[in-house]
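Coordinates in review
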Amino acid sequence: EDEADAEAVVEAERASAAARDELRTQLMRGLPPARCSACSAFCALSAVSPSAESPLCAEDALACERERAAAGGGGAFSAPLECRCSLRTLAALLPPLRAMAARRARWVARTRATLAPGGERPSIEEAKALVAKADSLGLVDPALDELRACVRAGSAWVREAKRLTSSGGGGALSGLAGLGLNAPSVSVQPTHVRTTQRLGALIAEGERLPLHLPELEALQALRRRSAEWVARVNAALVPGQPVPAEGVGRDELHALLGDYDHRIGVAHEDAARLRRAVARLDWSKSTELLVGTSPPPSLAVAAAAAKVAKKLEIVASTPLAASLVSLVAKAEALEARARAALANRIVVNAARRLLGEAIELAVTLEYTPKLRMATEAADAFARKAALALLPPATPAERVSFEQVRALLADASMLQLLTVEEDRLREAARLAELWEGRATQAILRRGCELPLQRVLCACADRAGREKEMSDWQLGGEAGAAVRERVEREGGANETAADAAEGAAEEEPGDRQASLPCPFCTASERTALQSWICCDTCEVWYHSECVHVSKTQSDSLTVYLCPACAHRRKVPYAFRLPAPPKRTRRPKLRLVRALLAEAETLSVRVPEAELLRALMAEAEDWQESAQSALADPPIEVHSLEALMASGGALEVEPELMPTVDKLRDSAASWCHRASSILSSISTDGLAASLRTRRSEDGADGGMGAGNGVKG
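Since the structure is predicted, the reported quantities are computational estimates derived from the model, not experimental observations.

Here the focus is the overall build of the protein chain. The number of helices and strands found in the protein chain is 28 helices and 8 strands. With 709 residues in all, the protein chain has 38% of them scored as buried. Accessible surface for the protein chain amounts to roughly 39800 Å². Of this, 55% is attributable to carbon and sulfur atoms.

See the structure below:
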């Protein structure tokens with residue numbers, strides 16, 4: 001029927017085209033032409049009403065109305081037309097207009113029947129087809145507007161229903177996982193966004209729409225299941241509390257929770273209450289298994305369980321939760337103490353007490369193995385140090401200073417302190433103090449070598465005897481001896497340093513501050529006579545270089561033994577002994593140092609070397625005492641005794657007495673030589689007889705000084 005009407009319209013339009021053209025031509029002859037504001041064509045068929053803003057022809061008026069309707073302008077465009085046309089033209093246009101009016105009438109009747117209350121509800125697809133048909137007919141009717149609104153509301157409702165039904169489910173959730181807590185072998189599911197209120201509102205909205213919605217039935221079934229599930233939950237739990245009712249077990253609650261996750265998923269306060277009840281039961285069961293495991297759980301696991309108990313708010317109502325929270329607090333405090341103990345190196349006994357407390361706990365601390373290892377290492381060190389600190393049977397069996405240093409190096413690697421370490425440190429401190437005093441008393445100023453190395457060189461008797469012989473030979477061997485001794489014993493100052501010091505200081509001050517290169521000047525004072533080499537400008541004790549006061553006053557130029565050797569000229573006086581490696585301490589000072597070393601709990605190697613040097617000095621002391629106790633002494637024996645005493649690195653106590661006796665004998669011999677050179681042999685014999693008669697009580701020549709010459 002519609003197709004027949006369409007063909008009739010087409011035929012009528014073709015038949016009337018020529019008539020309209022002819023009518024337009026005729027009208028244009030008698031009427032002023034008007035230009036259409038849309039197509040800019042001259043049109044004499046229409047006259048726009050005075051209220052319109054711009055003239056439109058009939059065809060463009062219809063197109064403009066459609067554009068306005070599509071743009072949401074609303075309403076139909078109307079323009080009163082005044083046409084002058086023939087009856088023939090109107091008759092040709094009437095059939096297609098009647099056909100179009102009939103189709104529109106049929107569409108309107110069908111639509112009103114669809115939208116009427118109690119009628120058969122169309123689907124959204126059918127409603128969309130009716131709207132498309134009306135658009136093709138160019139229909140403007142209130143029923144069309146109502147149908148469009150229904151289609152828009154139905155489409156929005158379907159989208160909301162699909163979003164709501166697809167937002168939940170996805171597998172059963174355990175109670176702990178549903179609360180956002182970590183539970184063993186349970187995955188956390190997405191949170192449901194559906195609510196009972198939103199579901200009811202959506203169902204009510206769908207029931208008001210005059211459309212057939214399949215999703216509405218699904219939502220209504222979901223609401224029925226939700227109501228049934230809520231009734232089951234209320235029967236399984238104590239009203240208003242997340243506590244299972246009497247006779248309800250954990251499995252039944254899990255089944256209810258599984259039904260909720262798989263079949264319902266509507267967010268409800270009963271669902272949260274059920275989930276919390278399941279979480280409490282799950283926590284209690286998992287915690288009971290956790291506490292009863294062997295070995296005990298770690299502190300991190302116990303702390304996580306305590307955190308869950310606090311979140312579930314069961315600490316006050318559940319004794320297990322309260323005990324676990326208390327245990328975790330005690331374990332965390334003990335863990336902090338253990339961490340601080342290892343960081344601050346506390347005493348091993350305190351660490352052992354901490355370890356005992358940690359072992360008694362029902363949880364495993366992170367620092368328990370570390371504390372156990374540190375305690376075992378400290379105990380092993382204490383046993384080794386105790387053996388070293390045992391009182392020895394003899395002083396020679398004491399632990400050496402090197403062993404003490406090695407033990408202290410091992411102790412510094414420990415994380416705990418021991419009593420034995422304190423004892424070792426005290427023993428090492430006393431030994432270091434003794435070494436410091438010995439170094440200050442023995443080593444020469446400027447010596448950078450350790451005391452033990454210098455004393456080793458001094459204790460080598462064979463090496464010293466060879467040095468003495470090389471020194472007495474002079475030449476390159478003597479220079480080498482001097483350089484080696486000064487290198488090992490510490491050079492005092494170079495010639496340039498001595499000259500610079502002489503320019504800055506007064507002579508008396510410099511003599512008091514700088515030791516003589518051939519002695520240590522430990523007991524000497526600035527009141528002694530000094531002599532300076534005119535070449536190297538180094539100061540020497542006059543007695544060390546064997547220059548008397550009278551000879552020093554009469555000299556105009558003095559060359560020291562070193563400068564004389566460099567110039568290859570003989571030394572003008574008696575060659576002194578080689579330079580000493582040490583400050584040549586007094587024998588009584590060495591005895592005091594060794595007596596103090598005997599009181600130490602460790603054996604210092606320098607004491608043994610110093611004891612050997614002291615033994616040499618004591619042997620020389622005994623020889624000197626024997627010689628002085630049985631006068632007179634041969635001059636050459638006195639010279640040999642002084643030579644051997646001068647080679648010692650420890651100055652005997654009788655050294656000044658023998659030195660004074662040697663100087664007295666040398667002076668007497670000098671005067672005797674002067675007398676012998678001035679008188680004859682006969683006169684000398686007469687003088688001697690006269691002297692004997694006058695001094696019959698004397699013991700011979702030189703008897704006054706106890707030296708036989």
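Let us look at helix H4 (residues 124-137). Spacing of three or four residues puts side chains on the same side of an α-helix, whose turn is 3.6 residues. Over its 14 residues, H4 runs 20 Å from end to end, which matches the ideal 20 Å to within 8%, given 1.5 Å per residue. Within H4 the residues assigned to the buried category are Ile124, Ala127, Leu130, Val131, Ala134 and Leu137. Viewed along the axis of H4, the buried residues span an arc of 145°, placing them on a single side of the element. In H4, the exposed positions angled more than 90 degrees off the buried face are occupied by Glu125 and Ser136. Gly138 lies just past H4 and shows a positive phi near 70°.

Before going further, it helps to examine the nonpolar core. For soluble globular proteins, the rule of thumb is that nonpolar side chains tend to be buried together. One finds Val404, Leu424, Trp434, Val604, Leu610 and Trp620 to be the most contacted residues of the largest nonpolar core, which totals 51 residues. Put simply, the parts of the chain that give this core at least two residues each are helix H14 (368-388), helix H15 (401-412), helix H16 (419-442), helix H17 (451-459), helix H24 (587-599), helix H25 (605-629), helix H26 (635-646) and helix H27 (655-678). Among the nonpolar cores identified, the runner-up in size contains 43 residues, and Leu139, Leu147, Val233 and Ala245 belong to it.

Let us look at the packing of H25 against H27. Contact geometry of H25 with H27 gives a least axis separation of 10 Å together with a crossing angle of 45°. For the element pair H25 / H27, the angle class is oblique. Seen from above, H25 lies across H27 with left-handed handedness. Contacts between H25 and H27 pair Trp620, Ala624 and Leu628 from the former with Met655, Thr657, Val658 and Leu661 from the latter.

The next subject is the confidence of the model for the protein chain. Taken residue by residue, the protein chain gives an average pLDDT of 74. The fraction at 70 or more is 69%. Across residues 490-513, confidence stays below pLDDT 50; counting only partners more than four residues off in sequence or on other chains, it has 33 contacts.

Attention shifts here to the packing of H16 against H24. Angle between the axes and distance between the axes are the two parameters that describe a pair of packed helices. It is the contact of H16 with H24, at a shortest axis distance of 11 Å, that shows an interaxial angle of 170°. Taken together, the axes of H16 and H24 lie roughly antiparallel to each other. With respect to the hand of their crossing, H16 and H24 are arranged in left-handed fashion. Of H24, the residues touching H16 (which contributes Trp434, Arg437, Ala438 and Ala441) are Leu589, Leu593, Glu596 and Ala597. Residues of the contact of H16 with H24, tallied by class, amount to 6 nonpolar, no polar and 2 charged.

This part covers the packing of aromatic side chains. Scanning the entire structure with this criterion turns up 3 aromatic pairs. With a centroid separation of 6.4 Å and 40° between ring planes, the pair formed by Tyr558 and Phe573 is classed as tilted. Placement of Tyr558 in the loop between helix H22 (549-554) and helix H23 (561-566) and of Phe573 in the loop between H23 and H24 is noted, with a sequence separation of 15 residues between them. Judged by centre distance (5.8 Å) and plane angle (65°), the rings of Tyr571 and Phe573 are edge-to-face. Accessibility expressed as a relative area gives 14% for Tyr571, which makes it buried. Three or more aromatic residues joined by ring pairs form one cluster here, namely Tyr558, Tyr571 and Phe573. We note Lys370 situated over the ring of Tyr367; from NZ or CZ to the ring centre the distance is 4.5 Å. Positioned above the aromatic ring of Phe401, the side-chain terminus of Arg405 is 3.7 Å from the ring centre.

Our next topic: the environment of Ile314. As for its position among the elements, Ile314 is in the loop between helix H11 (299-312) and helix H12 (319-344). On the accessibility criterion, Ile314 (1% relative accessible area) is buried. Along the primary structure Ile314 and Ser284 are separated by 30 residues, whereas in three dimensions their C-alpha atoms are 10.0 Å apart. What Ile314 contacts, discounting residues up to four positions off in sequence, is Arg280, Trp283, Ala309 and Ala321.

Right, let's talk about unusual backbone geometry for a bit. Of note in this structure, Glu537 is not a glycine but carries a positive phi near 60°. Among the structural elements, Glu537 can be located in the loop between strand E4 (530-532) and strand E5 (539-541). Note on Glu537: relative accessible area 37%, which makes it partly exposed. Its identity is not glycine, yet His546 carries a phi of approximately 60°, on the positive side. When you line up the elements, His546 lands in the loop between E5 and H22.

As for its placement among the helices and strands, Arg232 is situated in helix H8 (residues 214-236). Classification of Arg232 by relative accessible area gives partly exposed; the value is 39%. Along the backbone, Arg232 and Leu256 are 24 residues apart, and their C-alpha atoms lie at a distance of 8.0 Å. With residues up to four places along the chain from it excluded, the contact list for Arg232 reads Leu256 and Asp259.

Position of Glu420 among the secondary structure elements: in helix H16. The buried charged residue Glu420 lacks any salt bridge partner; its closest oppositely charged side chain belongs to Arg423, at an N-O distance of 5.4 Å. Excluding residues within four positions of it along the chain, Glu420 makes contact with Ala382, Ala385, Ala386 and Leu389.

Moving on: the pattern of salt bridges. Evaluation of the coordinates by the stated rule reveals 18 salt bridges. The partner of Glu653 in a salt bridge is Arg591, with the nearest N and O atoms 3.2 Å apart. Of this pair, Glu653 sits in the loop between H26 and H27 while Arg591 sits in helix H24, and the two are 62 residues apart along the sequence. Across the pair Arg611 and Glu598 runs a salt bridge whose closest N-O atoms are separated by 2.4 Å. Separated by 13 residues along the polypeptide, Arg611 in helix H25 and Glu598 in helix H24 bring together distant segments of the chain. For Arg611, a relative accessible area of 25% gives the class partly exposed. With a relative accessible area of 37%, Glu598 lands in the partly exposed category. Overlapping salt bridges, with partners in common, bring together Arg345, Glu421 and Arg425 in one network.

The rules behind these values
Residues numbered from 1 in each chain as written. Predicted model: local features only at pLDDT ≥ 70, side-chain atom pairs only at ≥ 80, totals over all residues. Heavy atoms only, no water. Helix = DSSP H or I, 4+ residues; strand = E, 2+ residues; numbered from the N terminus. Buried < 20%, exposed > 50% of the residue type's maximum accessible area, 1.4 Å probe, protein only. Areas by Shrake-Rupley, 256 points an atom, 1.4 Å probe, with all protein chains shown as cover. Expected span 1.5 Å × (residues − 1). Arc of directions from axis to C-beta. Core = buried A, V, L, I, M, F, W, Y, C linked by side-chain atoms within 4.5 Å. Axes fitted to C-alpha atoms, helices over the stretch in contact; angles between N-to-C directions. Parallel < 35°, antiparallel > 145°, perpendicular 65-115°, else oblique. Left-handed = near helix turned anticlockwise from the far one by under 90°. Contact = heavy atoms within 4.5 Å. pLDDT = per-residue confidence, 0-100. Nonpolar A, V, L, I, M, F, W, Y, C, P; charged D, E, K, R; others polar. Phe/Tyr/Trp six-rings, centres within 6.5 Å; stacked < 30°, edge-to-face > 60°. Lys NZ or Arg CZ within 6 Å of the ring centre and 35° of its normal. Lys, Arg positive; Asp, Glu negative; His and termini not counted. Salt bridge = Lys/Arg side-chain N within 4 Å of Asp/Glu carboxyl O.

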